[in-house]
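Chain by chain, the residues:
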Amino acid sequence: MRKTIVTLLVLAACVQVWGQTDSAALRLTRGRAELLVPRPALHPVKSLIPPVSAVGVDTIATENPVVKIVLLSDGTYKYWKDPAEVLKEDTFNTFWDNYGSDPYRRSWESFPEKAYVWLVDDASQYCYPGDLSRIDISSRYGYRRTRYHRGIDIRLPKGTPVYASFAGKVRMAKYISGYGNVVVIRHENGLETFYAHLSKMEAQRDDWVEAGQEIGLAGATGRASGSHLHYEVRYLGYAIDPEWIIDFSNGDLRHQVFTFKKQHLDPNFKFEPESDDEEELIALADEEDRLEAERLEAERKAAQYYTVKSGDTLSRIAVRYHTTINAICKLNNITAKSTLRVGQRLRVK
Ligand SMILES: [Zn+2]
């Protein structure tokens with residue numbers, strides 16, 4: 001009975017997805033694993049509003065071992081990446097320690113000129129780290145006279161919850177002079193986020209946290225005048241201006257994908273609205289995705305099927321449809337020696 005309900009829910013989910021025009025969703029109905037490869041979007045991504053109340057009631061595997069479908073108590077579903085699988089990735093197993101702010105120690109020269117860093121996709125979300133209803137920035141990234149400020153300061157009363165902005169593994173949760181109580185989370189895309197001056201740390205070293213999970217309470221530990229959250233974003237050890245990623249005027253994520261440029265490593269490279277060429281690149285990737293979806297759709301429409309009748313053989317069917325035994329075998333995932341059943345539906349084109 002339980003299984004039937006689950007099957008129905010999945011079918012309902014597929015139908016719902018089929019109705020959307022999103023090309024990634026179109027591919028979903030064909031059961032292809034690569035459908036969950038994220039597609040770039042020009043539009044900003046809204047923050048989750050914590051706490052997320054619906055709880056998972058069941059989990060279903062997909063073709064991709066990392067991605068699962070979680071059925072929620074409120075009747076909806078979501079894609080979810082299984083931490084047990086994600087944690088096998090190199091990102092969490094190399095240049096990993098529990099004491100340093102930069103375990104990579106890379107030289108500026110070793111960075112690529114440009115890299116696309118995926119922030120969210122169909123199976124991962126984003127959450128603004130502080131209180132969305134009252135965003136109050138007291139200090140921005142960059143040089144303050146002679147001192148390099150590696151993050152952004154968000155005024156938050158002592159005891160206000162602080163949330164993980166993306167899912168990831170806690171690399172550090174401890175007191176460091178200057179930072180005070182700081183939680184450092186490494187994300188699947190290689191970024192790390194720092195949450196400093198906490199009055200209380202709730203996540204612990206090596207914990208897996210989901211986006212929007214409460215990881216501590218704001219405070220003024222370490223070098224801080226007044227209670228605030230010092231929020232830092234690092235790419236392979238280097239701090240970059242968080243405003244390249246988050247729009248602190250409303251708490252939105254600027255894009256699903258962050259286009260990293262070597263210039264971002266420069267403390268003087270503060271946020272400025274993105275240049276036209278960058279928009280163009282993202283639009284181009286979007287267009288490629290659309291064409292791919294069209295190609296798949298055309299392929300699906302062109303498909304022809306034949307129902308096996310008594311006395312049929314693969315060679316007879318192949319001749320009839322001007323194709324080869326090999327081609328039919330490939331399309332139906334069978335071998336030339338497979339026994340045909342009367343009434344069996346074979347794809348011939
Ligand atoms: Zn700060």
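Cut-offs used in this document
Residues numbered from 1 in each chain as written. Predicted model: local features only at pLDDT ≥ 70, side-chain atom pairs only at ≥ 80, totals over all residues. Helix = DSSP H or I, 4+ residues; strand = E, 2+ residues; numbered from the N terminus. Buried ≥ 20, exposed ≤ 12 C-beta atoms within 10 Å, placed from the backbone. Contact = placed C-beta atoms within 7 Å. Pairing = 2+ DSSP bridges. Core = buried A, V, L, I, M, F, W, Y, C linked by C-beta atoms within 7 Å. Axes fitted to C-alpha atoms, helices over the stretch in contact; angles between N-to-C directions. pLDDT = per-residue confidence, 0-100.

*Asks:* Could you give an account of the overall build of the protein, with specific residues and numbers?
*Replies:* Regarding its fold elements, the protein presents six helices and 22 strands. A buried classification covers 27% of the 349 residues belonging to the protein. Contacts in the protein between residues far apart in sequence, at least 24 positions, make up 65% of those at least 6 positions apart.

*Asks:* Outline the sheet that holds strand 9 (residues 161–163), listing residues and values.
*Replies:* What the three strands build is an open sheet, ordered 9-15-13; its pairing is antiparallel. The strands lining the two open edges of the sheet, one partner per strand, are strand 9 and strand 13 (200–201). Pairing analysis gives two bridges linking strand 13 to strand 15 (residues 214–217), with the strands arranged antiparallel. By the bridge assignment, Lys200 is partnered in strand 15 with Leu217.

*Asks:* Residue-level account of the nonpolar core, with values.
*Replies:* Judged by nonpolar contacts, the single largest core of 47 residues is most densely connected at Val162, Ala164, Val182, Val183, Tyr195, Leu198 and Ile215. The leading source of residues in this core is strand 12 (residues 191–198), at five residues. Setting aside its immediate chain neighbours within four residues, Ala164 contacts Cys127, Ile185, Val209, Glu210, Ala211, Gly212, Gln213 and Ile215.

*Asks:* Explain the sheet that holds strand 3 (residues 77–81) to me, and be specific about the residues and the numbers.
*Replies:* Reading across from one edge, 1-2-3 is the order of the three strands in this open sheet, with antiparallel pairing throughout. Each end of this open sheet is capped by a strand with a single partner; those strands are strand 1 (56–61) and strand 3. Taking the axes of each pair of neighbouring strands and ignoring which way they run, one obtains an average angle of 30 degrees across the sheet. Bridge count for strand 2 (residues 67–72) against strand 3 is five bridges, and the pairing is antiparallel.

*Asks:* Explain the pairing of strand 8 (residues 152–155) to me, using residue names and the numbers behind them.
*Replies:* Sheet topology places strand 5 (residues 137–139) next to strand 8; two bridges connect them, and they run antiparallel. When the bridges of strand 8 are listed, Ser139 appears paired with Asp153. Across four bridges, strand 8 lies against strand 16 (residues 228–235) in antiparallel orientation. Across the sheet, the residue bridging to Ile154 is Leu229, located in strand 16.

*Asks:* Now, about the environment of Gly100: what can you tell me, with residues and values included?
*Replies:* For Gly100, the position within the fold is in the loop between helix 3 (83–86) and strand 4 (114–118). By the C-beta count within 10 Å, which is 14 here, Gly100 ends up partly exposed. Separated by 76 residues in the primary sequence, Gly100 and Ile176 have C-alpha atoms spaced 9.7 Å apart.

*Asks:* I'd love a proper account of unusual backbone geometry, names of residues and values included.
*Replies:* Unusually for a residue other than glycine, Arg145 sits at a positive phi of about 50 degrees. Along the chain, the position of Arg145 falls in the loop between strand 6 (142–144) and strand 7 (147–149). By the C-beta count within 10 Å, which is 4 here, Arg145 ends up exposed. In this structure, Asp206 takes a positive phi of about 75 degrees despite not being glycine. On the secondary structure map, Asp206 appears in the loop between strand 13 and strand 14 (208–209). Take Asp206: there are 14 C-beta atoms within 10 Å of it, and that puts it in the partly exposed class.

*Asks:* Explain the environment of Lys68 residue by residue, including any values.
*Replies:* Position of Lys68 relative to the elements: it lies in strand 2. As for Lys68 and Lys81, which are separated by 13 residues in sequence, their C-alpha atoms are 6.1 Å apart. Those residues in contact with Lys68 that sit more than four places away from it in its chain are Thr59, Ile60, Ala61, Thr62, Trp80 and Asp82.

*Asks:* An account of the pairing of strand 15 is needed here, citing residue identities and associated values.
*Replies:* Looking down a regular strand, the side chains alternate between one sheet face and the other. Of the pairings in the sheet, the one linking strand 9 to strand 15 comprises three bridges and is antiparallel in character. Within strand 15, the residue paired with Pro161 across the bridge is Leu217.

*Asks:* Break down the confidence of the model for the protein for me, with residues and values.
*Replies:* Residue-level pLDDT values for the protein average 84, and 84% of them are 70 or greater. Predicted confidence is poor over residues 1–40, with pLDDT under 50, and the contacts of this stretch with residues over four places away or in other chains come to 48 contacts.

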